[in-house]
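Examination of the molecular architecture
Take a look at the letters that make up each chain.
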2 protein chains.
Amino acid sequence: MSTTTNSITTVVGDYLAAWNARDAETRRALVQRAFSDDATYVDPHRAGAGHDALDAMIATAQEGLPGHHVEPNDDVDAHNDRVRFSWTLVGPDGAIAVGRDFAIVGSDGRLRDVTGFVDPVA
Amino acid sequence: MSTTTNSITTVVGDYLAAWNARDAETRRALVQRAFSDDATYVDPHRAGAGHDALDAMIATAQEGLPGHHVEPNDDVDAHNDRVRFSWTLVGPDGAIAVGRDFAIVGSDGRLRDVTGFVDPVA
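Described in the following lines is the structure provided in the data block. (Residues numbered from 1 in each chain as written. Chains lettered and ligands numbered in written order. Predicted model: local features only at pLDDT ≥ 70, side-chain atom pairs only at ≥ 80, totals over all residues. Heavy atoms only, no water.)

Moving on, we get to the layout of surface pockets. Each pocket or cavity is described by its volume, and for the largest pocket that value is around 440 Å³. What lines the largest pocket is a set of 20 residues, and nearest its centre among them are Arg84, Arg100 and Asp119 of chain A together with Arg84 and Arg100 of chain B. Secondary structure elements with two or more residues in the lining of the largest pocket: β5 (82-91), β6 (94-105) and β7 (111-119) of chain A together with β5 (82-91), β6 (94-105) and β7 (111-119) of chain B. Taken together, the residues of the lining of the largest pocket break down into six nonpolar, two polar and 12 charged. (1 Å grid on protein atoms, 1.4 Å probe; cavity = no way out; pocket = protein on both sides within 12 Å on 5 of 7 lines; lining within 4 Å. Points joined across faces, edges and corners; volume = space filled by probe spheres on them. Helix = DSSP H or I, 4+ residues; strand = E, 2+ residues; numbered from the N terminus. Nonpolar A, V, L, I, M, F, W, Y, C, P; charged D, E, K, R; others polar.)

Structural data, given as structure tokens:
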């Protein structure tokens with residue numbers, strides 16, 4: 001695994017950890033580590049731009065899904081300044097959806113433009 | 001299916017048809033229909049920006065894969081200004097790879113920023 005791949009794997013790990021972090025300070029720190037300052041996010045249900053909005057967006061999503069968390073699927077695949085990876089949304093009764101995220105990576109190595117798609121559990 | 005979905009499905013169809021079009025005039029017309037004027041494309045093996053470069057990039061890819069074509073997998077999934085879809089690369093002996101493309105759609109409805117990823121055949 002190249003240094004670049006290690007680095008983007010760490011950033012994706014911070015990103016997914018942010019979605020799981022229900023402590024405000026921890027979540028905010030992870031948002032800052034995962035997203036470029038001017039980063040944008042969009043999926044079918046929500047959107048945000050900049051750390052403040054992204055942090056608030058994730059907090060709102062967490063409030064709507066008590067008892068849920070995301071699990072990385074360990075399939076980070078990067079080339080050039082692009083990356084894709086997936087994760088599983090797990091609720092109290094088990095896996096309920098698979099998220100497939102695509103991102104453009106900023107020159108600072110953090111995620112600059114993230115798009116989320118959702119698939120049913122296989 | 002919404003008008004928007006119909007429209008992006010047509011654009012994706014033109015895009016995949018461009019990869020199959022080995023007649024220069026036909027390919028160029030499809031490139032113009034599929035890509036915004038300032039569009040960019042990047043995958044692990046090639047990149048291009050603007051119609052001239054994208055047309056030349058596709059022609060070079062075709063020359064490297066004689067007897068191959070791509071088949072749409074009819075799974076266009078769009079939200080906001082984002083779209084994903086996949087296709088199968090078929091050679092003389094059958095399917096050899098699955099491409100998964102992600103794109104940002106321009107305000108003109110054509111593809112503005114396309115990223116290609118490749119998976120093994122399932």
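The rest of the description comes next.
To continue, consider the interface of chain A and chain B. Listed as interface residues are 18 residues of chain A and, on the opposing side, 18 residues of chain B. Buried surface at the junction of chain A and chain B, both sides included, amounts to about 1400 Å², of which 60% is carbon and sulfur. By the criterion of area lost to chain B, the three top residues of chain A are His79, Arg84 and Phe117 of chain A, representing 43% of everything that side buries. Here chain A is connected to chain B by four salt bridges. Where Arg84 of chain B meets Asp119 of chain A, a salt bridge forms, and the shortest distance between an N and an O atom there is 2.6 Å. (Contact = heavy atoms within 4.5 Å. Buried area = accessible area lost by both parts, 1.4 Å probe. Salt bridge = Lys/Arg side-chain N within 4 Å of Asp/Glu carboxyl O.)

Glancing now at helix α3 (residues 51-64) of chain B. In this model, α3 of chain B (14 residues) spans 20 Å end to end at C-alpha, consistent with the 20 Å of a helix rising 1.5 Å per residue. Among the residues making up α3 of chain B, those that are buried are His51, Leu54, Asp55, Met57, Ile58, Ala59, Ala61 and Gln62 of chain B. (Expected span 1.5 Å × (residues − 1). Buried < 20%, exposed > 50% of the residue type's maximum accessible area, 1.4 Å probe, protein only.)

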